[in-house]
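Geometric and topological summary
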Amino acid sequence: MSKVADLQKAQQAITHPGGGLFIGPALLGAIDKALAVPRPAGNPGAIRERAKAYAETAKAYAKASTDLGEVADNRLPNAWTGSVAENATQSIRALANELSVSQKSLEQAATELNAWADNLEGAQSTDAQGVTALENVQKSLAHDAFDMGKAIAAIEPANTAVGTRISAAQRAESSGTHAASMLNQLAARARTERAGQGPIDPLAALVLANEKGPGGGADGDYILTDGQLDRAKQFMSVMNGTDQLAFQKLLSDAKSPEEAAYLWKALAAGHPVADVQQFAALIHPHGDDPRWLSEHLVPALGSDPLREESTTQATGLTYKGTTVLDGSDIYSQGSVNDCVAASTVVASLKIDPVTMLQLTTGNMTDVPGSDSPEYFKQRLQQLFIGQYQQGQLADGGQKVYPENNGGIGPKGNTFLANQNLGKATGSTYEYVNLDTDDDRRAAVTRIEKALDEGKPVPFCAFDEASKGGYHQMVIVARDGDRLQVYNPWGQSVWVTEDQFIHNSINTGGLTGDAKINRPYGAELPK
């Protein structure tokens, strides 16, 4: 049990010490249990020293990044021209960006550590007050334990004192958990290290890990997620020699670092080299057009970048500026009970450029108009329905949509999670019940870890008030303690982890008037 739970148990014994002559001894025993719970552990001073070291290192990284940026822009030797200069510039800028990301990560880590130190120090001070108050009650009652009047009078101050200790323990636990969560997220940004420990040379890994799509920010919107860097490296390390040479040739023939990054992304999504070669042939004519690559391989699809996390509005699902799911257009998820398929499909498209290319172009990249929004919607509808039918069969159904439109159960949920997300992330998913706040709190820890590794998390929820409206959605990203939830009705909304834990996910209008607010099950990577 946690310190909070142990103190709450002791508080229960303090407020209900029984009756009769033995109230005093029972109360003293309960106070002993409350005092036996360890105080909040940790050294705020040592934590602040670590924060100071991080901040100083961040300053050094900032200067190095600025100096390298100036070299890339103004100080390359004149003899370096053409592709040589271009490659050198890319490499130096990638190194400058890597240092800049490290600088910001260290600065944020220092901020988190200082906040943790302040909270821990405050918790320890508050706890000391509670301990002193409990000890005073203990001393006052020690020689008069069988005085019923004094024993009854001592219950309230003892209860207040243990309540003070509970508040301190809660502050220490919550601040420590928050600090660990944020530091884990920052540690996941060590991108170049992930790519540079395999058969690819370190400089190429540096460029690859830092490649962004058009409009990418200073430390976000990377083409490759952290998990994809790991996955592709793992695949390359176990390839036979023929496949490894074939894939490395695809990388060397790429017209741009962006094209190479998408090839790496296709490999990470679990596609064999032969399929990646076919994919490469389709995108190679556009390999030097980063905007074309981005629009056809990673369109936003309603899951906007983390810079949108502060929005209070639902973000609609669009393609090329056209609404994809609007309730009355070519296809509305709301009229078919395929939310399980629709949510996992859209989540998988963010990490599988091969399937996305098939949806955006029909693999007819040289046919004008093949990438129109209308064709995209039709292909998306066909994919949703096909996945829905597969999920029904996996669930044990004898009849499938359109004959049976009854939705999909847990077995089908897990099947589609593994088929759509497991293949692209290398994880096996399992269905976990979320019956209580404690269940959801425990799940949030696993959800955070999954999202930091680039693994979406589908979950099921219902309207707690009406006991209806059962629906599956998917968590696709996180920023601190905020989770980005995609609703296959065609929109995404940011919710806090606290809202997820305490059945308030409809805050912000995620499911509108349906008021689906209580998560009751999730597909979590093992």
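1. Thoughts on the overall build of the protein
What the protein contains, in helices and strands, is 18 helices and 9 strands. Buried positions account for 47% of the 526 residues belonging to the protein. Expressed as a percentage of contacts within the protein between residues at least 6 apart in sequence, the contacts between residues at least 24 apart total 69%. Carbon and sulfur atoms form 51% of the exposed surface of the protein, whose accessible area is close to 23500 Å².

2. Quick word on the side chain of Gln 392
Relative to the helices and strands, Gln 392 resides in helix H15 (residues 373-394). In this structure Gln 392 comes out as buried when scored by relative accessible area, which is 2%. Setting aside anything within four residues of it in sequence, one finds Gln 392 in contact with Gly 397, Lys 399, Val 400, Tyr 401, Asn 404, Asn 405, Gly 406, Gly 407 and Ile 408.

3. Some thoughts on a nonpolar patch on the surface
Together, Leu 21, Phe 22, Phe 146, Met 148 and Ile 152 make up an exposed nonpolar region whose accessible area comes to about 520 Å². Mapped onto the elements, Leu 21 comes out in the loop between helix H1 (3-15) and helix H2 (23-36). What makes Leu 21 partly exposed here is its relative accessible area of 46%.

4. Observations regarding helix H8 (residues 226-238)
Each α-helix winds once per 3.6 residues, and so residues spaced three or four apart point in a common direction. Its 13 residues place the ends of H8 19 Å apart at the C-alpha level, agreeing with the 18 Å of an ideal helix rising 1.5 Å per residue. Along H8, the residues classified as buried are Asp 226, Gly 227, Gln 228, Leu 229, Arg 231, Ala 232, Lys 233 and Met 236.

5. Some details on the pairing of strand E6 (residues 468-479)
Walk down a regular strand and you will see the side chains alternate between the two sheet faces. Across the 12 residues that make up E6, a large majority, 9, are buried. Relative to E6, strand E5 (residues 457-463) runs antiparallel, the two being bridged by 6 bridges. In the strand pairing of E6, Ala 461 is matched with His 471. Following E5, the chain reverses through 4 residues before pairing antiparallel with E6; Lys 467 in that reversal takes a positive phi of roughly 55 degrees. In terms of strand pairing, E6 meets strand E7 (residues 482-487) through 5 bridges, oriented antiparallel. Looking at the pairing, Ala 477 lines up with Gln 484 of E7. Here E6 folds back onto E7 in antiparallel fashion, the turn holding 2 residues, of which Gly 480 has a positive phi close to 65 degrees.

6. Details of the confidence of the model for the protein
For any part of a model where pLDDT is low, the fine detail of the predicted coordinates should not be relied upon. The predicted model of the protein has a mean per-residue pLDDT of 82, with 83% of residues at 70 or higher. Per-element averaging of pLDDT across the protein places helix H6 (residues 191-195) at the bottom with 51 and helix H11 (residues 273-283) at the top with 95. Taken as a whole, residues 215-220 scores under 50 in pLDDT and shows 12 contacts with residues more than four places along the chain or in a different chain. Scored below 50 in pLDDT, residues 327-331 shows 14 contacts in the model against residues more than four places distant or in partner chains.

7. Here we look at the nonpolar core
Ranked by internal contacts, the top residues of the largest apolar core, which has 28 residues, are Phe 247, Tyr 262, Leu 263, Trp 264, Phe 279, Ile 283 and Leu 297. Contributing elements (two or more residues each) for this core: H8, helix H9 (241-253), helix H10 (257-268), H11, helix H12 (290-297) and helix H14 (353-361). In this structure, Ala 145, Ala 151, Ala 158 and Ala 169 belong to the second largest nonpolar core, which totals 23 residues.

8. Details of the packing of aromatic side chains
Using the criterion set out here, one finds 8 aromatic pairs in the structure. With centroids separated by 5.6 Å and ring planes inclined at 40 degrees, the aromatic side chains of Tyr 388 and Tyr 401 adopt a geometry described as tilted. Here Tyr 401 lies in the loop between H15 and helix H16 (410-425) and Tyr 388 lies in helix H15, a separation of 13 residues in the sequence. By relative accessible area, which is 0% here, Tyr 388 ends up buried. Between Tyr 470 and Tyr 520 the ring centres are 5.5 Å apart and the planes differ by 75 degrees, which places this aromatic pair in the edge-to-face class. Note that Tyr 470 is positioned in strand E6 and Tyr 520 in strand E9 (residues 518-525), a separation of 50 residues in sequence. Among the aromatic side chains, those forming a connected cluster through ring pairs are Phe 462, Tyr 470 and Tyr 520.

9. Focus on the pairing of E9
Summarising burial for E9: 7 of the 8 residues are buried, a large majority. Examined bridge by bridge, strand E4 (residues 429-433) and E9 share 5 bridges and lie antiparallel to one another. Along E9, the bridge assignment pairs Glu 430 with Leu 524. As judged from the 4 bridges shared by E5 and E9, these two strands associate in the antiparallel manner. Within the sheet, the bridge partner assigned to Ala 461 lies in E9 and is Pro 519.

10. Some words on helix H5 (residues 148-187)
Compared with an ideal rise of 1.5 Å per residue, which puts 40 residues at 58 Å, H5 spans 57 Å between its outermost C-alpha atoms and is within 8% of the ideal. When the local axis directions of H5 are compared, the greatest deviation, roughly 30 degrees, occurs at Ile 155, which is followed within four positions by the proline Pro 157. A side-chain oxygen of the first residue of H5 lies 3.1 Å from the backbone nitrogen of Gly 149; this N-cap is Asp 147.

11. Comments concerning the packing of H2 against H5
As a packed pair, H2 and H5 sit with axes 9 Å apart at the nearest point and diverge in direction by 15 degrees. The pairing of H2 with H5 is recorded here as roughly parallel in orientation. In terms of crossing hand, the pair formed by H2 and H5 is left-handed. For the pair H2 and H5, the contacting residues are Ile 23, Gly 24, Leu 27, Ile 31, Ala 34 and Leu 35 in the first and Met 148, Ala 151, Ile 152, Ala 154, Ile 155, Ala 158, Val 162 and Arg 165 in the second. Of the residues that constitute the contact of H2 with H5, the class distribution is 12 nonpolar, 1 polar and 1 charged.

12. Some details on the pattern of salt bridges
For the structure shown, the criterion picks out 17 salt bridges. Asp 253 is the salt-bridge partner of Lys 249, the closest N and O atoms lying 2.6 Å from each other. Here Lys 249 pairs with Asp 253, and both are found in helix H9, just 4 residues apart, close to one helical turn. Owing to a relative accessible area of 40%, Asp 253 belongs among the partly exposed residues under this scheme. Salt-bridge contacts for Arg 478 lead to Asp 452; the nearest nitrogen and oxygen are separated by 2.8 Å. Separated by 26 residues along the polypeptide, Arg 478 in strand E6 and Asp 452 in helix H17 (residues 437-452) bring together distant segments of the chain. By relative accessible area, which is 14% here, Asp 452 ends up buried. One network of salt bridges, with partners in common, ties together Arg 48, Asp 118 and Glu 121.

About the cut-offs
Residues numbered from 1 in each chain as written. Predicted model: local features only at pLDDT ≥ 70, side-chain atom pairs only at ≥ 80, totals over all residues. Heavy atoms only, no water. Helix = DSSP H or I, 4+ residues; strand = E, 2+ residues; numbered from the N terminus. Buried < 20%, exposed > 50% of the residue type's maximum accessible area, 1.4 Å probe, protein only. Contact = heavy atoms within 4.5 Å. Areas by Shrake-Rupley, 256 points an atom, 1.4 Å probe, with all protein chains shown as cover. Patch = residues over 30% accessible without salt bridge, like charges linked within 9 Å, V, L, I, M, F, W, Y side chains within 5 Å. Salt bridge = Lys/Arg side-chain N within 4 Å of Asp/Glu carboxyl O. Expected span 1.5 Å × (residues − 1). Pairing = 2+ DSSP bridges. pLDDT = per-residue confidence, 0-100. Core = buried A, V, L, I, M, F, W, Y, C linked by side-chain atoms within 4.5 Å. Phe/Tyr/Trp six-rings, centres within 6.5 Å; stacked < 30°, edge-to-face > 60°. Bend = angle between axes of the 7 residues up to and from the residue. Polar contact = N/O pair within 3.5 Å; in protein donor to acceptor, adjacent residues only side chain to side chain. Axes fitted to C-alpha atoms, helices over the stretch in contact; angles between N-to-C directions. Parallel < 35°, antiparallel > 145°, perpendicular 65-115°, else oblique. Left-handed = near helix turned anticlockwise from the far one by under 90°. Nonpolar A, V, L, I, M, F, W, Y, C, P; charged D, E, K, R; others polar.

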